[in-house]
Amino acid sequence: MLQRIFGAILRFLRRIWGDQPVGWATLLPGLLLTAVLLALPTGYEGAVIYQGTQKVRATVLATNEDTVISTGLIQTGEQVCTLRIEEGMFKGREVQGANLLSGSLSQDKMFAVGDSAFVVVSYQGDTITSVTMIDHYRITWEAVLAVIFSLLLILFAGPGGVRALLSFVITVLAIWKVMIPTCLKGGNPLVMGLLLVALLTVVIIVFVYGYDRRSLVAVLGSMLGTVTACGLGILFTHLLKIHGAVMSDSETLLYAGYQNLDLTNIFMASIFIGAAGAMMDLAVDITSGVSEVIRKKPGIGAWEAVGSGMRIGQAAMGTMTTTLLLAYSGGCMAQLMVFMAQGTPILNILNYKYVASEILQTLVGSFGLVTVAPFTAVVAGLLLTRGARTDQPDNAAAA
């Protein structure tokens, strides 16, 4: 019975995956890079404020709201919870935990019996000195969501899904382990941002095409658009007189002892980093389209292939720019509703610094996308038509 079930599953996967190569020649270097990034220390692991503490999961057994003061939607005071610690050196012990309420809807949380809480246990030897409730414990369900996403991606994309997951992990690790610590230590965010995007562009596109001429085309097209977006971001950030403090939590970063950081440079770097993924996507779309045209018609001229790439890009650019607009505007939906509710004039809205920063990010990112299309089309037409009669791009990525 089990043998028939497994056989049916394998036949189903073969129909979905087809004959996709695993691509070990690109997968193994990606795994090695992931291992290096995982082992790389950030230099900020041993924060002094967390020494002598354990961060663990606890279950709420009872709650006491006698000292909580409610004023409309706002709650202040302290909720006291009886907790059972579920992990760490004090596993199984019942303790009292304090949930401080500051009157902020975005920061405060209330616990109910049966909730799973993330707490910080301060101790001396075997004695618990205090328990502070940080927030609801969400890691379990986050892990479940990530596993479901990974399984579905691998199920429908096959080996390509594995490479997509690996590129996702590399991106997260590169930002967290390389760019963030380097910027905190005083590195130039613009230089680091360009280097980071270049690294990720090469890695991700090689995962798609392998070590192939198409990879070079897509990388060049994407990076030319990124550099253009970087230049425009720098220029118009200064022209619009936007300070990097418009970023959320930026002032908190300064007050934490990092007054030497140039927040404006960090903001400018965030502009082209935020659009880099869409530019990479468009570059790959145009490269694949031109490559297929040349494969079907090996004798096509370079500029004829460029024209084909431009026409492919025209269809993609409209949806890509809208994608960026929705991504940026989705994050400020409540802000837009406040403007509407208060009847704020449109001229006032457009002159607010934080609104201008969102407009700048959207338009500069979109401008980068617009330039990626012709850049990639020209590079694809010039490079992919060379030796098109003898080269077979589809076979180059097999490993």
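Everything here concerns the structure above.
The model shown is predicted, which means the values in this text are computed figures rather than measured ones.

Trainee: Please explain the overall build of the protein as it appears in this structure.
Mentor: Across its full length, the protein carries 13 helices and six strands. Taken over the C-alpha atoms alone, the protein extends approximately 80 × 70 × 40 Å along its principal axes. Residues counted as buried form 37% of the 399 residues belonging to the protein. Contacts in the protein between residues far apart in sequence, at least 24 positions, make up 70% of those at least 6 positions apart. When the accessible surface of the protein is split by element, carbon and sulfur atoms take 66% of a total near 22200 Å². On the protein, the mean spot of the 24 positive side-chain charges and the mean spot of the 24 negative ones are 13 Å from each other.

Trainee: Explanation requested: helix α9 (residues 302-330) in the structure shown.
Mentor: Owing to its 3.6 residues per turn, the α-helix aligns residues three or four sequence positions apart on the same side. Given a rise of 1.5 Å per residue, 29 residues ought to cover 42 Å, and the 41 Å separating the end C-alpha atoms of α9 matches this to within 8%. A maximum bend of about 35° is found in α9 at A316. Along α9, the residues classified as buried are A305, V306, G307, S308, G309, G313, A316, M317, M320, L324 and Y328. Packed against the buried residues of α9 are α8 (263-296) and α12 (353-384).

Trainee: Mind showing me how you'd approach the state of the cysteines here?
Mentor: A covalent bond bridging the sulfur atoms of two cysteines is what the word disulfide describes. The full count for this structure, using the stated rule, is zero disulfides. In this structure C230 is not part of a disulfide, and its nearest cysteine sulfur, from C183, lies 13 Å away.

Trainee: Would you mind showing me how to read the pairing of strand β3 (residues 74-85) here?
Mentor: Strand residues, when the strand is regular, have side chains that alternate between the two faces of the sheet. Direction of pairing for strand β1 (residues 53-64) relative to β3: antiparallel, over a ladder of six bridges. Bridge assignment links N64 to a residue of β3, and that residue is V80. In sequence, strand β2 (residues 69-71) turns back onto β3 through a hairpin of two residues, with G72 there showing a positive phi of about 65°. With nine bridges connecting them, β3 and strand β4 (residues 94-102) associate as antiparallel partners. The partner of E78 across the bridge, within β4, is L100.

Trainee: Whenever I open this one, the nonpolar core confuses me. Can you help?
Mentor: If you look at soluble globular proteins, the nonpolar side chains tend to sit buried side by side. I170, I205, F272, L282, V290 and L369 are the most contacted members of the largest nonpolar core, which has 59 residues in total. Contributions of two or more residues to this core are made by α2 (24-39), α4 (159-184), α5 (189-209), α6 (213-239), α8, α9 and α12. For this core, the leading source of residues is α8, giving 16 residues. In this view, I170 contacts G30, L33, T34, L37, L200, V203 and F207; residues no more than four positions away in its chain are not counted. Counting 15 residues, the second-largest nonpolar core is a separate cluster that includes C81, F111, A117 and V121.

Analysis parameters
- Residues numbered from 1 in each chain as written.
- Predicted model: local features only at pLDDT ≥ 70, side-chain atom pairs only at ≥ 80, totals over all residues.
- Heavy atoms only, no water.
- Helix = DSSP H or I, 4+ residues; strand = E, 2+ residues; numbered from the N terminus.
- Buried < 20%, exposed > 50% of the residue type's maximum accessible area, 1.4 Å probe, protein only.
- Contact = heavy atoms within 4.5 Å.
- Areas by Shrake-Rupley, 256 points an atom, 1.4 Å probe, with all protein chains shown as cover.
- Lys, Arg positive; Asp, Glu negative; His and termini not counted.
- Charge placed at Lys NZ, Arg CZ, Asp CG, Glu CD.
- Expected span 1.5 Å × (residues − 1).
- Bend = angle between axes of the 7 residues up to and from the residue.
- Disulfide = S-S within 2.5 Å.
- Pairing = 2+ DSSP bridges.
- Core = buried A, V, L, I, M, F, W, Y, C linked by side-chain atoms within 4.5 Å.

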